[in-house]
Amino acid sequence: MNIAVIGTGYVGLVTGTCLAETGNNVICVDIDIEKVVKMKAGVVPIYEPHLDILFQRNIKQGRLKFTTHLEEAVENSKIIFLALPTPPGEDGSADLSYILGVAEQLGKIISEYKVIVDKSTVPVGTAELVSKTILQSMSKISSPSGKSGGVLFDVVSNPEFLREGFAVDDFMKPDRVVIGTSSEKAKKLITDLYKPFVRQGNPILFMDERSAELTKYAANSFLATKISFMNEIANLCELLGANVDAVRMGIGSDDRIGKRFLFPGIGYGGSCFPKDVQALAKSASDNNYDFKILKSVMEVNETQKTSIVPKIKTYFKNDLKGKKIAIWGLAFKPDTDDIREAPALYIIEELLKLGATISAYDPEAMANVRKLLGDKIEFATDQYEALKNADALLIATEWAVFRTPDFTRVSALLKNKTIFDGRNLYDLSEMKELGYYYCSVGRELVK
Ligand code: NAD
């Protein structure tokens, strides 16, 4: 099948590459010329494990192409995926200008039947809005009875559930595929396209467009709720002298609760949870519904992101002027270079305000942070270099490489044996034995 993917970011590039891997001819469109030039030269513009090998293979076999020309991509494609940004608008609602802008352009290009598949996370009603926009745009150049030979297009809602860091695996073997459509013709085409990905029997769930759109927001909001809930339990553990690791295991072994997403830390970040929770709360309030839980989830996360800063202030007796803090981890989570809404950035901002200096290390995200912060902080070439002459180490992202460091080197390089761990990477008993001041989340302070 000939497929166009519009928007070649974390979702679009993975979608395009994985669809090419199952034998489709895919053309990816992006307005970012620099990105397209890179991709045409065989360079993956993002860090995503396992993507490179599929990307190279499919380019080599002529199934994966890139362009900045929408028309060129759409004309020869039966299915057109929209993987465009939906950032938060000023009022918290999802900004649909990217999607509707492209929809308008599509109205001018489409001249034979196409399925337009919305993979972006969009508010309920967007599929209808996209349809309307395309039709209006078509009617400007010809009568909408350009539909005379039957409907010229269908708009399908197909929310994406991939996780950055596991995006290729998630796309190739999804837990489920959600398809929101009322068109039998579109349903058949999309089902054929996804068949190779659900051979193990994971379901393709068909529903109406609105339910599909809401499913994505409900999923992300529920996961964010789990995180904020656990963070509150962790905060309470600190006050009550309980250990959140024990509590986590105690509740996670109950099937009804489940083991995943129960790790406390310094809050959720990334390009999805913060904006999606906010957008769902806004949708609710626009419809006169007071979604109380979501408000609390956001409030808890806002505080949790920098909850480690007061702990650092206490240790340094409220005087961080001239203190050097080493930070391990800048990405919003491990195995990605994505720094959107990363808690590390909020912590850095606070620490700089307090007069501290920062030397940071992240395996993949430093280039993106450098673009944002320039020389406001130092960037180290490896995790140990970041520690040189630092007064303390702060762990902000749980990259695997930070899990079992050489503590002899860490102790020798740090001025003080002091670690603030926002991700609970180390055993309390080991930290005691090694003689560290070790402050983590929801667990006893080791000193
Ligand atoms: P992204 O910012 O990484 O990528 C978007 C791409 O679209 C960019 O490369 C941008 O240059 C391009 N673009 C913008 N306007 C364009 C236009 N008019 N024509 C062509 N290209 C254009 O975004 P993303 O993280 O891939 O997210 C895309 C959507 O998928 C969002 O709605 C997001 O909420 C949703 N989503 C993201 C994830 C994730 O983990 N990142 C997971 C599931 C769903």
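For the structure itself, look to the data block above.
Within any chain, residue numbers begin from 1 and follow the written order of that chain's sequence. Per-residue local features are limited, in this predicted model, to residues with pLDDT of at least 70; the limit for side-chain atom pairs, both in listing and counting, is 80 or more; totals at the level of whole chains, interfaces and linings are taken over all residues. Hydrogens are left out, water is left out, and the side-chain values use all remaining heavy atoms of the structure.

**Student:** Now, about the packing of aromatic side chains: what can you tell me, with residues and values included?
**Tutor:** Any pair of Phe, Tyr and Trp rings, taking the six-membered ring for Trp, is counted once the centres come within 6.5 Å. Such a pair is stacked with planes under 30 degrees apart, edge-to-face with planes over 60 apart, and tilted for the rest. Counted by the stated rule, this structure contains 18 aromatic pairs. A centroid spacing of 6.0 Å and a plane angle of 85° characterise the contact between tyrosine 289 and phenylalanine 291, whose relative ring orientation is edge-to-face. By relative accessible area, which is 52% here, tyrosine 289 ends up exposed. A ring pair is formed by tryptophan 328 and tyrosine 384, whose centres lie 6.3 Å apart and whose planes are at 80°; its orientation type is edge-to-face. Remark: tyrosine 384 occurs in the loop between strand 11 (378-379) and strand 12 (392-395) and tryptophan 328 occurs in strand 9 (residues 324-328); sequence separation between them is 56 residues. Each member of the pair, tryptophan 328 together with tyrosine 384, is buried. Exposure classes here rest on a 1.4 Å probe applied to the protein chains alone. A residue is buried below 20% of its type maximum, exposed above 50%, and partly exposed in between. Put simply, DSSP marks the helices as runs of H or I at least four residues long and the strands as runs of E at least two long, and each gets a number from the N terminus on.

**Student:** Can you lay out the pairing of strand 12 for me, pointing to particular residues and giving the numbers?
**Tutor:** Every second residue of strand 12 is oriented toward a common face, with Ala392 and Leu394 on one face and Leu393 and Ile395 on the other, all of them buried. Two strands are counted as paired when DSSP detects at least two bridges linking them. Bridge count for strand 9 against strand 12 is 4 bridges, and the pairing is parallel. Paired with tryptophan 328 across the strands is isoleucine 395, a residue of strand 12. A crossover gets the label right-handed when its path from the first strand over the helix to the second runs clockwise, viewed with the strands pointing away from the viewer. Taken together, strand 12, helix 16 (residues 407-413) and strand 13 (residues 418-421) constitute a β-α-β crossover, and its handedness is right-handed.

**Student:** Residue-level account of the site of the ligand, with values.
**Tutor:** Of all residues adjacent to the ligand, which total 27 residues, the nearest are Asp30, Lys35, Thr86, Glu164 and Lys275. At 3.1 Å from an oxygen atom of the ligand is found a main-chain nitrogen or oxygen belonging to tyrosine 10. Note that a nitrogen atom of the ligand is positioned 2.7 Å from one of the side-chain N or O atoms of glutamate 164. In isolation the ligand exposes 830 Å². Once the protein is present, 90% of that is buried. Polarity classes work like this: nonpolar for Ala, Val, Leu, Ile, Met, Phe, Trp, Tyr, Cys and Pro, charged for Asp, Glu, Lys and Arg, and polar for all others, with Gly in that last group. Here the residues of the shell around the ligand are counted per class, giving 12 nonpolar, 7 polar and 8 charged. We define proximity as follows: a residue is near a molecule or strand when any one of its heavy atoms falls within 4 Å of that partner. Whenever a nitrogen or oxygen atom comes within 3.5 Å of another N or O atom, the pair is scored as a polar contact, on the condition that within protein one atom can donate a hydrogen and the other can accept it, and that pairs from neighbouring residues in sequence are kept only if both atoms are in side chains. All accessibility values rest on the Shrake-Rupley procedure with a 1.4 Å probe; residue burial counts only the protein chains present in the view.

**Student:** Can you explain the sheet that holds strand 10 (residues 357-361)? Please cite residues and give values.
**Tutor:** The strand order across the open sheet formed by 6 strands is 11-10-9-12-13-14, and the pairing between neighbours is parallel. A single partner strand is all that each edge strand has here, and the edge strands are strand 11 and strand 14 (437-439).

**Student:** Describe a nonpolar patch on the surface, naming the residues involved and giving the relevant values.
**Tutor:** Nonpolar side chains collect at one region of the surface, where Leu236, Leu239 and Leu240 lie side by side and expose about 360 Å² of accessible area between them. Structurally, leucine 239 is set in helix 9 (residues 209-240). For leucine 239, a relative accessible area of 73% translates into the label exposed. By definition, no residue in a patch forms a salt bridge, and every one has over 30% relative accessible area; like charges are joined within 9 Å, nonpolar side chains (Val, Leu, Ile, Met, Phe, Trp, Tyr) within 5 Å. One speaks of a salt bridge when a side-chain nitrogen belonging to Lys or Arg is within 4 Å of a carboxyl oxygen belonging to Asp or Glu.

**Student:** Go over the pairing of strand 7 (residues 177-180) with me, naming the residues and quoting the values.
**Tutor:** Here strand 7 shows two buried faces, one formed by Val177 and Ile179 and the other by Val178 and Gly180. The pairing of strand 7 with strand 8 (residues 204-207) spans 4 bridges and is classified as parallel. Across the sheet, the residue bridging to glycine 180 is methionine 207, located in strand 8. Handedness of the crossover joining strand 7 and strand 8 through helix 8 (residues 184-194) is recorded here as right-handed.

**Student:** Tell me about the layout of surface pockets, and name the residues and values.
**Tutor:** Looking at the second largest pocket, its volume works out to about 240 Å³. With a 1 Å grid laid over protein atoms only, a set of points is called a cavity when a 1.4 Å probe fits there but cannot get out and a pocket when it is open yet has protein on both sides within 12 Å along at least five of seven lines; lining residues have an atom within 4 Å of a point. What lines the second largest pocket is a set of 14 residues, and nearest its centre among them are Glu238, Lys311, Tyr437, Cys439 and Leu445. Where the lining of the second largest pocket is concerned, the elements lending two or more residues are helix 9, helix 13 (308-315) and strand 14. At 3 residues, the largest contribution of residues to the lining of the second largest pocket is made by helix 13. Taken together, the residues that form the lining of the second largest pocket break down as 6 nonpolar, 3 polar and 5 charged. Grid points are joined across faces, edges and corners, and a volume is the space filled by probe spheres set on the points.

**Student:** For the pattern of salt bridges, give the residues involved together with the corresponding values.
**Tutor:** For the structure on display, the rule yields 24 salt bridges. Put simply, glutamate 104 and lysine 108 hold a salt bridge, and the shortest N to O gap is 3.7 Å. Within this pair, glutamate 104 and its partner lysine 108 are both found in helix 5 (residues 97-109), separated by 4 residues, close to a single helical turn. Here glutamate 104 falls in the partly exposed class, since its relative accessible area comes to 30%. Look at lysine 108 and you get partly exposed, because its relative accessible area is 48%. Three or more residues joined by partner-sharing salt bridges are found here, namely Asp91, Lys282 and Asp286.

Such coordinate-based values are descriptive only and should not be taken to indicate function.
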